[in-house]
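Letter by letter, the chains look like this.
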Amino acid sequence: MRPLTEPETQALFKKLAAYMGGSLKDLIAPLDASPNADRYVFRLSQSRVFYVRLSLANWATSIPRDGLLSLGTCLGKFTKSGQFRLHITALPILADHARYKLWIRPNGVMPFLYGGNIVKAHVGRWPDDCPEHQGVVVCTMEDIPLGFGITARSMAEARRQDPTGVVCFRQADSGEYLRNEDTLFASG
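- Per an unreviewed UniProt entry, the protein chain is named 60S ribosome subunit biogenesis protein NIP7, and its organism is Elaphomyces granulatus.
- Per UniProt, the comment on the protein chain under Sequence similarities (unreviewed entry) is "Belongs to the NIP7 family."

**Re the domain arrangement of the protein chain**
Part 1: Looking at the assigned domains, one finds that the protein chain contains domain 1 (2-92) and domain 2 (100-178).
Part 2: Relative placement of domain 1 and domain 2: their C-alpha centres are 26 Å apart.
Part 3: Facing the seven residues of domain 1 at the interface are 17 residues of domain 2.
Part 4: Between domain 1 and domain 2 lies a buried interface of about 870 Å² when both sides are counted; carbon and sulfur atoms form 67% of it.
Part 5: Of all residues in domain 1, the largest losses of buried area upon contact with domain 2 belong to Tyr19, Ile88 and Leu91, amounting jointly to 74% of the total for that side.
Part 6: The interface formed by domain 1 and domain 2 includes zero salt bridges.

About the thresholds
Residues numbered from 1 in each chain as written. Predicted model: local features only at pLDDT ≥ 70, side-chain atom pairs only at ≥ 80, totals over all residues. Heavy atoms only, no water. UniProt positions renumbered as here; feature names shortened; annotations may be inferred. Domains from an automatic or database assignment. Contact = heavy atoms within 4.5 Å. Buried area = accessible area lost by both parts, 1.4 Å probe. Salt bridge = Lys/Arg side-chain N within 4 Å of Asp/Glu carboxyl O.

Okay, here's the thing in structure tokens:
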């Protein structure tokens, strides 16, 4: 487990900024104002990026690389081409700090959890100022986060769209825990 290099950090922050915006600073800020305050850091292990407390990451250095499968919250992984891909395991962090959220009606929950994109007929509420190709966290009407995606159109354009038009492209959903359970937490 090692700290991220500069290009890896830039790729990670670029992806997270699409969903969080300015609240990205809150992820790495110290937890309190004391001089010995603990903070969260990003660590790389086997191409996967983990979000973990610094004190815990320091303790993990004493564990051999082969024996350490996971530590903290897995945000995603780097592909072989160097691109960063967010995993569904990042949803609790994204949901807490998201700039934009999209709420879907009960009739749209199951199609989304089975891997489908969100159509206008399934949207319950959306932010008015959300631009095109912006990262959004998808929630139920009860404000339970289900996944995240990228808007297909700006919300002003989406209002004029027909009910079967795609509003949000799915990136990840909670159903992935079942569909990809063999590969989601694989060590290789």
